Amino acid sequence: MNGATLSSREDILARIHDCVLDGDPTGATEGTRAGLEADIEAMALVYESMVPALREVGRRFEAGEYFLPEMLMSANAMQACMDLVRPLLADSARKPIGTFVMGTVAGDIHDIGKNLCNAMLESTGFKVIDLGVNVPADAFVEAITAHEPDAVGMSAFLTTTMREIGRNIGAIEDAGLRDRVKILVGGALLDQAYADEVGADGYAPDANSAARLTKEVLGIDD
Ligand code: B12
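Because the structure is a prediction, the values reported are computed rather than measured.

Draft legend 1. Representation of the overall build of the chain in the model. Broken down by element type, the chain carries nine helices and five strands. When the helices and strands of the chain are read in sequence order from the N terminus, they spell out α-α-α-α-β-α-β-α-β-α-β-α-β-α. Relative to its length of 222 residues, the chain is compact, with a C-alpha radius of gyration of 18 Å against a globular reference of 17 Å. Seen along its three principal axes, the alpha-carbon backbone of the chain occupies a region of about 60 × 45 × 25 Å. Looking at the chain as a whole, 46% of its 222 residues qualify as buried. Put simply, of all contacts in the chain between residues at least 6 apart along the chain, 71% involve residues at least 24 apart. Surface accessibility of the chain: about 10800 Å² in total, with carbon and sulfur atoms responsible for 52%. When the 18 basic and 36 acidic side-chain charges of the chain are each reduced to a single mean position, those positions are 3 Å apart.

Draft legend 2. Structural detail: the environment of Ser7. As for its position among the elements, Ser7 is in the segment before α1 (9–22). The spatial distance from the C-alpha of Ser7 to the C-alpha of Ala63 is 34 Å, given a sequence separation of 56 residues.

Draft legend 3. Spotlight on the nonpolar core. Among the nonpolar cores identified, the biggest contains 40 residues, and Ile16, Val20, Val46, Met50, Met78, Phe100 and Leu121 are the most heavily contacted of them. Take this core: its biggest share by element is eight residues, from helix α3 (residues 42–62). Viewed by domain, this core spans two of them, domain 1 (3–89) and domain 2 (98–218), each represented by three or more residues. When near neighbours in sequence (up to four residues on either side) are disregarded, Val20 contacts Ala28, Met50, Ala53, Leu54, Ser74, Ala77 and Met78.

Draft legend 4. The arrangement of helix α6 (residues 137–147) in detail. For α6, the full list of buried residues reads Phe140, Val141, Ala143 and Ile144. For α6, the angular spread of buried residues about the axis comes to 160°, placing them on one side. Exposed and oriented more than 90 degrees from the buried face of α6 are Glu142 and Ala146. Of the surrounding elements, those touching the buried residues of α6 are β1 (98–104), β3 (151–155) and α7 (159–174). Within two residues after α6, Glu148 carries a phi angle of roughly 45°, on the positive side.

Cut-offs used in this document
Residues numbered from 1 in each chain as written. Predicted model: local features only at pLDDT ≥ 70, side-chain atom pairs only at ≥ 80, totals over all residues. Heavy atoms only, no water. Helix = DSSP H or I, 4+ residues; strand = E, 2+ residues; numbered from the N terminus. Rg over C-alpha atoms; globule rule 2.2 N^0.38 Å. Buried < 20%, exposed > 50% of the residue type's maximum accessible area, 1.4 Å probe, protein only. Contact = heavy atoms within 4.5 Å. Areas by Shrake-Rupley, 256 points an atom, 1.4 Å probe, with all protein chains shown as cover. Lys, Arg positive; Asp, Glu negative; His and termini not counted. Charge placed at Lys NZ, Arg CZ, Asp CG, Glu CD. Core = buried A, V, L, I, M, F, W, Y, C linked by side-chain atoms within 4.5 Å. Domains from an automatic or database assignment. Arc of directions from axis to C-beta.

Okay, here's the thing in structure tokens:
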């Protein structure tokens, strides 16, 4: 890649998009660096190039044009870009405005969306305790007891793992902890109707709205 090929914002965003789509981490990170050097906002790099690329990867996978290895290579390319962008989103200097426990539910290993939410929550001022992926119900319960968070987030990306959210909320209720935390949910296939159905306190479609919604349900305005 040379500078001349990336002369405009559009070129840079298109380059990152295409490299994530092609599963090319070297090109994608070069594009991301070029974008940051050109003062393109970190969130624009994520939401105007990387996220649309992964959406297209999902479409191609569903259409049988991409298979698991291609999906994985694209995910890895995005993760490499996120490593460059994440430090710019975090603001660790502030006193936390609340504690947020986050995890991807049992049976599910999708974590790019979750990690993006974590970065936005941190940049909004929350202390985030990330339980990782494939998190069983009892680990959510234990984390609530141990960390006394204000809110818990559950991420699910598969039809088969969405139902874990209801199970987790049931386990939190059974442990007598439901009224101590707000529960937020998200992931590609979820929506507000599903959040209502399983008794969550809110659903957000992206990291920005996840951070905004968390403040809203906790009654934090600053
Ligand atoms: C990348 C990817 C993978 C990667 C994941 C790598 C990783 N480290 O995450 C790999 C290759 C490992 C993978 C594996 C599989 N995947 Co996959 N994957 C995807 C893909 C293409 C992109 C997902 C992604 O990261 N998007 C980028 C992020 C940023 O997306 P986002 O949704 O916009 O995220 C935002 C919101 O969801 C929200 N959010 C997310 N979490 C939370 C949590 C809270 C609390 C809140 C408030 C908000 C919130 O904020 C995020 C940030 O803005 C999707 C397609 C799609 N349309 O989503 C398929 C997709 C999810 N996968 C799918 C499938 C089928 C699989 C496999 C079963 C494939 C297989 N045959 O093995 C396995 C399952 C593995 C498992 N057990 O989990 C299907 C699911 C279909 C279904 N109905 O169940 C999809 C939809 C593809 C498709 N169209 O068919 N996958």
